[in-house]
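A structural walkthrough
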Amino acid sequence: MNAPQLDHQFADAFPELVHAAHAEEQPDPQLIVLNEPLARELGLDPDWLRSPEGLRFLLGLGGNRTVAMGYAGHQFGQFSPRLGDGRALLLGEIDGRDLHAKGTGPTVFSRGGDGRGALGPMLREYLVSEAMHALGVPTTRGLAVISTGRRIMRTGAVPGAVLVRTAASHLRIGTVQYARITDTGDLTERLCTYARQRHYPDRNTHEEFFTAVMDAQIATVAQWMRLGFIHGVMNTDNTTLSGETIDYGPCAFLDHYDPATFFSSIDTHGRYAFRNQPVILGWNLARLAEALIPLIEVETAQELMNSFPDRWERAQAAELARTLGTDDPAVGERWTSMLEEHSPDLTDTHRLLNDDPAALPGGDWTGLNPMEHPFHIPRNHLVDAALRAAEAGDLAPFHTLLAVVTDPFTDHGAEFRGPAPEEFNELFRTFCGT
Ligand code: AMP
Ligand code: MG
């Protein structure tokens, strides 16, 4: 097979939003994991991707045009006008999806960072994004992780790696913010038209575009809330226009139900705690609405934002109705109170609705018609153990766990179910910017 032809529609259409950038050569690239089904879906030959030329293609070294995308963003509430791909490259589009490599070396957006990725976090993103996909949540996908043969400095020296992922696009609220503050003509308008036509082709106006982004994000975050997923860095640069979940740095799952839970070591005030995620989504969407003014009139933007709480309530009620198999609000309230009172393991408790509702605490839960709930999520203690082993050179636990979490509706055994041991959560803190 010859190197596949990638499209460069975004880079061609928006020279203002990209910088030509080149991947660095890697001392000893080794393919750690390849998503063969996804490769085939994209029309890529897995055998070719495993070849030396295939690896160079994935690493952004195949001679294709590569760019770093510019974006701004509110990080923990503070606006940074210039973030951008500081350690990643857009390789191009394939089959309408972005192909993107992360950990490929410094770009003009690196701001002093080394532009690299560590093996643990790159494997974490691959595993959790593929688990989310299997759970039915809109997300970027992991195509491959390649160790680079380089040791990089983090809290100590750790193995370096590149993650290759696909996304409906890498356009973020932060991309619109960047366009707005650098706009000297019609940049923001062209960007929004492009994003609308790419992601919401049945919508016709900027107002409809904003509403579509709002509804797509609400649908995604409503699923996070059902599954106990905590993103951990819901900055506007990590909130996509497509609605896909993106950037799995410090993400983690709840086990015992506690809405105040947060894990990220850099989120010291719990801004992105589990229960805050809907409010933060609304806050991020308000930043998008602001960036769209005057494409959308101020009053209209305000009205659209005012519809957020009702839209959220409806989505959350629908998710709860699916969870329980009834839209009776009294049952929903009783369920939520039960979770708050007993703090059971959220995933196991949902699964009991399918398998043994009589064993659930807090009353009679029989006779409902719940959705099929997963047996498995990427539990923090299991992910942690698999990544530690991988960093020490043993990939077997990673591959075992990957097989489990990408087939979550089959019971793979008690060792992959149940909450973390008590000691684990006390110590567990995930890290960002790794
Ligand atoms: P993230 O936490 O991956 O969403 O990244 C937030 C911002 O920091 C983005 O602009 C990244 O490109 C940048 N960044 C993160 N890690 C690095 C790194 N090692 N070198 C350069 N830039 C980085
Ligand atoms: Mg990011």
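In every chain, residue numbers begin from 1 and rise along the written sequence. Going through the entries in the order they are written, you letter the chains from A and number the ligands from 1. Given that this is a predicted model, residues contribute local features only at a pLDDT of at least 70 and side-chain atom pairs are listed and counted only at 80 or more, while totals for whole chains, interfaces and linings are drawn from all residues. As a rule here, side-chain values come from all non-hydrogen atoms in the structure, and water together with hydrogens is ignored.

**A word on the overall build of the protein**
A run of H or I in DSSP becomes a helix once it reaches four residues, and a run of E becomes a strand once it reaches two; helices and strands are each numbered from the N terminus. Each helix and strand in the protein was counted, giving 16 helices and 12 strands. With a 1.4 Å probe rolled over the protein chains alone, any residue whose accessible area is under 20% of its type maximum counts as buried; one over 50% counts as exposed, and the rest are partly exposed. Looking at the protein residue by residue over its 434 residues, the buried ones come to 58%. Note on contacts: a residue pair qualifies if any of its non-hydrogen atoms lie within 4.5 Å across the two residues. Considering only residue pairs separated by 6 or more positions, the protein has 71% of its internal contacts joining residues 24 or more positions apart. Computed with a 1.4 Å probe, the accessible areas rest on the Shrake-Rupley method; for each residue, only the protein chains presented here act as cover. With an accessible surface of roughly 17,300 Å², the protein has 50% of that area assigned to carbon and sulfur atoms. A residue counts as positive if it is Lys or Arg and as negative if it is Asp or Glu; His and the chain ends are not included. Taken as the charge location is NZ of Lys, CZ of Arg, CG of Asp or CD of Glu. The averaged location of the 58 negative side-chain charges in the protein is 5 Å from the averaged location of its 35 positive side-chain charges.

**Observations concerning the coordination of the magnesium ion (ligand 2)**
Surrounding the magnesium ion (ligand 2) are the protein donor atoms Asn238 (OD1) and Asp247 (OD), at 1.9 to 2.2 Å. Accessibility expressed as a relative area gives 11% for Asn238, which makes it buried. On the basis of relative accessible area, Asp247 is assigned to the buried category, the value being 12%. Atoms are scored as donors when they are N, O or S and lie within 2.8 Å of the metal, with 3.2 Å used for Na, K and Ca; no water is included, so coordination may look incomplete.

**Overview of the UniProt feature "binding site: ATP" (unreviewed entry) in the protein**
UniProt positions are given in the numbering used here, feature names are shortened, and annotations may be inferred rather than shown by experiment. Taking the numbering used here, the UniProt-annotated feature "binding site: ATP" (unreviewed entry) corresponds to Gly84, Gly86, Arg87, Lys102, Asp114, Gly115, Arg165, Arg172 and Asp247. A maximum C-alpha distance of 22.9 Å among these annotated residues, which run over 164 residues, shows that they spread across the structure rather than meeting at one spot. Among the structural elements, Gly84 can be located in the loop between strand 5 (78-80) and strand 6 (88-94). Setting aside its immediate chain neighbours within four residues, Gly84 contacts Met69, Gly70, Tyr71 and Phe109. Along the chain, Arg172 falls in the loop between strand 10 (157-167) and helix 6 (173-182). Beyond its immediate sequence surroundings of up to four residues, Arg172 is in contact with Tyr71, Asp85, Arg165, Thr236, Asp237, Asn238, Thr239, Thr240, Leu241, Ile246 and Asp247.

**Focus: the nonpolar core**
Ranked by size, the top nonpolar core spans 126 residues in total, and within it Phe10, Val145, Phe210 and Leu285 carry the most contacts. Per-element tally for this core: the top contributor is helix 8 (residues 206-227), with 12 residues. Throughout, nonpolar core names a set of buried Ala, Val, Leu, Ile, Met, Phe, Trp, Tyr and Cys residues whose side chains join them through atoms within 4.5 Å.

**Overview of the site of ligand 1**
Near is defined per residue: the residue qualifies when any heavy atom it owns lies within 4 Å of the molecule or strand. What surrounds ligand 1 is a group of 15 residues, the closest being Gly84, Gly86, Asp114, Gly115 and Asp247. Polar contacts, as counted here, are pairs of nitrogen or oxygen atoms within 3.5 Å of one another; within protein the pair requires one atom able to donate a hydrogen and one able to accept it, and residues that are adjacent in sequence qualify only if both atoms are side-chain atoms. Within the contact set of ligand 1, an oxygen atom lies 2.7 Å away from a backbone nitrogen or oxygen of Gly84. Between ligand 1 and the protein, one listed contact pairs a nitrogen atom with a side-chain N or O atom of Asp114 at 3.0 Å. In the complex, 86% of the free accessible area of ligand 1, which totals 480 Å², lies under the protein chains. Charged means Asp, Glu, Lys or Arg here, nonpolar means Ala, Val, Leu, Ile, Met, Phe, Trp, Tyr, Cys or Pro, and polar covers whatever is left, Gly included. Partitioned by chemical class, the residues of the shell around ligand 1 number two nonpolar, six polar and seven charged.

**A word on the pattern of salt bridges**
The salt bridge definition used is simple: a Lys or Arg side-chain nitrogen within 4 Å of an Asp or Glu carboxyl oxygen. Under the definition given, this model contains 29 salt bridges. Note that Glu24 and Arg116 form a salt bridge whose closest N and O atoms lie 2.8 Å from each other. One end of the pair, Glu24, is in the loop between strand 1 (18-20) and strand 2 (30-34); the other, Arg116, is in the loop between strand 7 (97-102) and strand 8 (117-118), with 92 residues separating them in the sequence. Linking Glu125 and Arg165 is a salt bridge whose minimum nitrogen-to-oxygen distance equals 2.8 Å. Taken as a pair, Glu125 in helix 5 (residues 119-134) and Arg165 in strand 10 lie far apart in primary sequence, 40 residues in all. An identical accessibility class is assigned to Glu125 and Arg165; each is buried.

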